[in-house]
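Below are the chains, spelled out letter by letter.
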Amino acid sequence: MEKLIIPLPDEMATVALGATLAVACQQACVIYLYGDIGAGKTTLCRGFLRALGYVGNVKSPTYTLIEPYVLARWTVYHFDLYRLANTEELELIGIRDYLDHCALCLIEWPQHGEGILPTMDLSLTLKSQGIIRRAELQTYNANGEHLLAALSLLQEPYS
């Protein structure tokens, strides 16, 4: 497992990180997003989706659990499992139908779906200490390592 830490001095850096991550995606993947409420997970997703050509409103799917985005090249599923009462709810919404090999999955609060969700390719944790914010990325397989390598090459804009 490889790890990369990227400083995020402002909201634009979080959006830019999401955009860079989207551009790095060359195949279907599952990305787990961790961080406290208000850490910037949905902001990162907004940058990700904009980079792939989505121009509409990007909102957190806190109440619907999932927001699908059908785009030219990809289908992106943005999950927010914060309000998930139990993992059986994931089975009821047909979670396995979303997790195919042709989609990009961004999953906020994945710890609430533990045991049901697939293994992630990459985890991204947004942390803050006072006004200092950063993203910690960690790989879990070869696809995640590819994503991390692409981000490492493009790290300069975040410094």
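Quick notes on the rules
Residues numbered from 1 in each chain as written. Predicted model: local features only at pLDDT ≥ 70, side-chain atom pairs only at ≥ 80, totals over all residues. Heavy atoms only, no water. Pairing = 2+ DSSP bridges. Helix = DSSP H or I, 4+ residues; strand = E, 2+ residues; numbered from the N terminus. Axes fitted to C-alpha atoms, helices over the stretch in contact; angles between N-to-C directions. Contact = heavy atoms within 4.5 Å. Expected span 1.5 Å × (residues − 1). Buried < 20%, exposed > 50% of the residue type's maximum accessible area, 1.4 Å probe, protein only. Arc of directions from axis to C-beta. Salt bridge = Lys/Arg side-chain N within 4 Å of Asp/Glu carboxyl O. Polar contact = N/O pair within 3.5 Å; in protein donor to acceptor, adjacent residues only side chain to side chain.

1. Some remarks on the sheet that holds strand S2 (residues 29-34)
Alright, step 1. Overall, mixed pairing links the seven strands, which are arranged S1-S7-S6-S2-S5-S4-S3 in an open sheet. Every interior strand has two partners, whereas the edge strands, strand S1 (3-7) and strand S3 (66-70), have only one. With direction set aside, neighbouring strand axes in the sheet form an average angle of 15°.
Alright, step 2. Contacting S2, S3, strand S4 (75-80), strand S5 (103-108) and strand S6 (122-129), helix H2 (residues 41-51) runs over the sheet at an angle of about 165° to S5.
Alright, step 3. Packing against the sheet, helix H5 (residues 142-153) makes contact with S1, S2, S6 and strand S7 (132-139), and its axis sits at approximately 140° to S7.

2. Some words on H5
Alright, step 1. Between the first and last C-alpha of H5 there are 17 Å, a value that for twelve residues agrees with the 16 Å anticipated at 1.5 Å per step.
Alright, step 2. Among all positions of H5, only Asn 143, Gly 144, Leu 147, Leu 148, Ala 150 and Leu 151 are buried. Down the axis, H5 shows its buried residues gathered within 160° of arc, on one side only. Across H5 from its buried face, at more than 90 degrees, point the exposed residues Ala 142 and Leu 153.
Alright, step 3. Tucked into the core, H5 has its buried residues touching S1, helix H1 (11-24), S2, S6 and S7.

3. Quick notes on the pattern of salt bridges
Alright, step 1. Following the criterion strictly, the structure yields six salt bridges and no others.
Alright, step 2. The partner of Glu 91 in a salt bridge is Arg 96, and the shortest N-O contact between them spans 2.8 Å.
Alright, step 3. Note on Arg 96: relative accessible area 52%, which makes it exposed.

4. Brief notes about the environment of Leu 81
Alright, step 1. Mapped onto the secondary structure, Leu 81 falls in the loop between S4 and helix H3 (88-92).
Alright, step 2. Sequence spacing of Leu 81 and Leu 65 is 16 residues, and the spatial spacing of their C-alpha atoms is 5.8 Å.
Alright, step 3. Setting aside anything within four residues of it in sequence, one finds Leu 81 in contact with Leu 65, Leu 90, Ile 107, Glu 108, Trp 109, Pro 110, His 112, Gly 113 and Leu 117.

5. Considerations on unusual backbone geometry
Both trends apply: most residues other than glycine have a negative phi, and most peptide bonds are in trans.
Alright, step 1. Phi is positive for Leu 65, close to 75°, though the residue is something other than glycine.
Alright, step 2. Examined against the element boundaries, Leu 65 turns out to sit in the loop between H2 and S3.
Alright, step 3. In this structure, Trp 109 is a non-glycine residue whose phi angle is positive, near 55°.
Alright, step 4. Within the fold, Trp 109 resides in the loop between S5 and S6.

6. Examining the environment of Asn 141
Alright, step 1. Relative to the helices and strands, Asn 141 is located in the loop between S7 and H5.
Alright, step 2. Residue Asn 141 is classed as partly exposed on the basis of its relative accessible area, which comes to 25%.
Alright, step 3. With 14 residues separating them along the chain, Asn 141 and Lys 127 place their C-alpha atoms 23 Å apart.
Alright, step 4. Those residues within four positions of Asn 141 in sequence are excluded, and the remaining contacts are Met 120 and Asp 121.
Alright, step 5. Of the polar contacts made by the side chain of Asn 141, one reaches the backbone nitrogen of Gly 144; its length is 2.9 Å.

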